[in-house]
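Notes for the structure review
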Amino acid sequence: SGLLSKASGEEGGLSGAPIKDMSTECIRKMYHLTNGEIPIIGVGGVGSGHDAYEKLKAGASLVQIYSMLVYEGPGLVSRVRRELAEIMLENGQRKVEDVIGIDHEEIYWRRREDRSRNERTQEKIIVDE
């Protein structure tokens, strides 16, 4: 199985920190393969705002917190949200959409231009007479 742990022969799966980097790389590959057209839920090792930020940059549209929630309780969600907001503001990002897929420069900028174009077409134009 490739695990170096004493538990490598036991049944069950891995979750949390042991799969964080592997799952982020999987998100990155899937985002690239789908040109960012399919929402991806980032899972595996999300226990901080930095972890969530890395999943979003790789291409996740959402992140799931599971294993760390068991250990730290519901207060973890607020902490992750606060940390993520701080990281985003430090990087000049105000919306999650500004982070999703940023590791994929070409796809990211094309999608950002599409979002801007859509926002402009939905704006109401007010003309004073």
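Preceding this section is the structure that the text describes.
Residues numbered from 1 in each chain as written. Predicted model: local features only at pLDDT ≥ 70, side-chain atom pairs only at ≥ 80, totals over all residues. Heavy atoms only, no water.

**A look at the nonpolar core**
In a soluble, globular protein the nonpolar side chains are often hidden away together inside. Counted only if it meets this: Only buried residues count toward a nonpolar core, which is a set of Ala, Val, Leu, Ile, Met, Phe, Trp, Tyr and Cys residues joined through side-chain atoms within 4.5 Å. For every residue, the accessible area (1.4 Å probe, protein chains only) is compared with the maximum for its type, and the residue is labelled buried under 20%, exposed over 50%, or partly exposed between those bounds. Strands here are runs of E lasting at least two residues and helices are runs of H or I lasting at least four, both read from the DSSP assignment and numbered beginning at the N terminus.
Tyr 53 and Leu 84 are the most contacted members of the largest nonpolar core, which has 18 residues in total. Listing elements by their share of this core, those giving two or more residues are helix 1 (20–33), helix 2 (49–58) and helix 4 (75–90). Here this core takes 5 residues from helix 4, the largest share from any one element.

**Description of the pattern of salt bridges**
Short version of the rule: For this analysis, a salt bridge means a side-chain nitrogen from Lys or Arg found within 4 Å of a carboxyl oxygen belonging to Asp or Glu.
The final tally for this structure, using the stated rule, is 10 salt bridges. Note that Asp 51 is salt-bridged to Lys 20, the shortest N-O span being 3.2 Å. Residue Asp 51 is located in helix 2, and its partner Lys 20 is located in helix 1; the two are separated by 31 residues in the primary sequence. By relative accessible area, Lys 20 is classed as partly exposed at 27%. Residue Arg 111 pairs with Glu 37 through a salt bridge whose shortest N-O separation is 3.9 Å. With Arg 111 in helix 5 (residues 105–122) and Glu 37 in the loop between helix 1 and strand 1 (41–42), this pair connects stretches of sequence that are 74 residues apart. Because the salt bridges share partners, they merge into one network encompassing Glu 25, Arg 28 and Asp 103.

**Focus on the environment of Glu 37**
Threshold: For this analysis, residues touch if any pair of their heavy atoms sits within 4.5 Å. Two N or O atoms count as a polar contact when they lie within 3.5 Å, although within protein this holds only if one can serve as hydrogen donor and the other as acceptor, and sequence-adjacent residues are included solely when both atoms are side-chain atoms.
For Glu 37, a relative accessible area of 53% puts it in the exposed group. It is 9.1 Å that separates the C-alpha atoms of Glu 37 and Arg 111, two residues lying 74 residues apart in sequence. In contact with Glu 37, other than residues within four places in its own chain, are Arg 110 and Arg 111. A distance of 3.2 Å separates the side chain of Glu 37 from the side chain of Arg 110, its partner in a polar contact.

**Notes on the environment of Pro 18**
On the secondary structure map, Pro 18 appears in the segment before helix 1. Separated by 27 residues in the primary sequence, Pro 18 and Gly 45 have C-alpha atoms spaced 7.1 Å apart.

**Describing the side chain of Ser 23**
Within the fold, Ser 23 resides in helix 1. Within polar-contact distance, the side chain of Ser 23 engages the backbone oxygen of Lys 20 at 3.1 Å. With near-sequence residues (within four places) excluded, Ser 23 lies in contact with Val 43, Gly 44 and Lys 55.

**Some remarks on the side chain of Lys 55**
With respect to the element layout, Lys 55 can be found in helix 2. For Lys 55, the side chain forms a polar contact with the side chain of Thr 24, separated by 2.7 Å. In contact with Lys 55, other than residues within four places in its own chain, are Lys 20, Ser 23, Thr 24, Ile 27, Gly 42, Val 43, Gly 44, Val 46, Ala 60 and Val 63.

**Observations concerning a nonpolar patch on the surface**
Rules: Note that patches include only residues with greater than 30% relative accessible area and no salt bridge, and the join distances are 9 Å for like charges and 5 Å for nonpolar side chains (Val, Leu, Ile, Met, Phe, Trp, Tyr). Only the protein chains shown count as covering a residue, and every accessible area follows the Shrake-Rupley method with a 1.4 Å probe.
A cluster of nonpolar side chains, namely Ile 41, Val 43 and Leu 62, defines an oily patch on the protein surface of about 260 Å² accessible area. Here Ile 41 is to be found in strand 1. Taking the relative accessible area as the measure of exposure, Ile 41 reaches 52% and is therefore exposed.

**Regarding helix 2**
Counting buried positions along helix 2 gives 8 out of 10 residues, so the element sits mostly inside the fold. Gly 49, Asp 51, Ala 52, Tyr 53, Lys 55, Leu 56, Lys 57 and Ala 58 are the residues of helix 2 that are buried. Residues of helix 2 that are buried sit in contact with helix 1, strand 1, strand 2 (62–63) and helix 4. Once helix 2 finishes, Gly 59 follows within two positions and takes phi at roughly 135°, a positive value.

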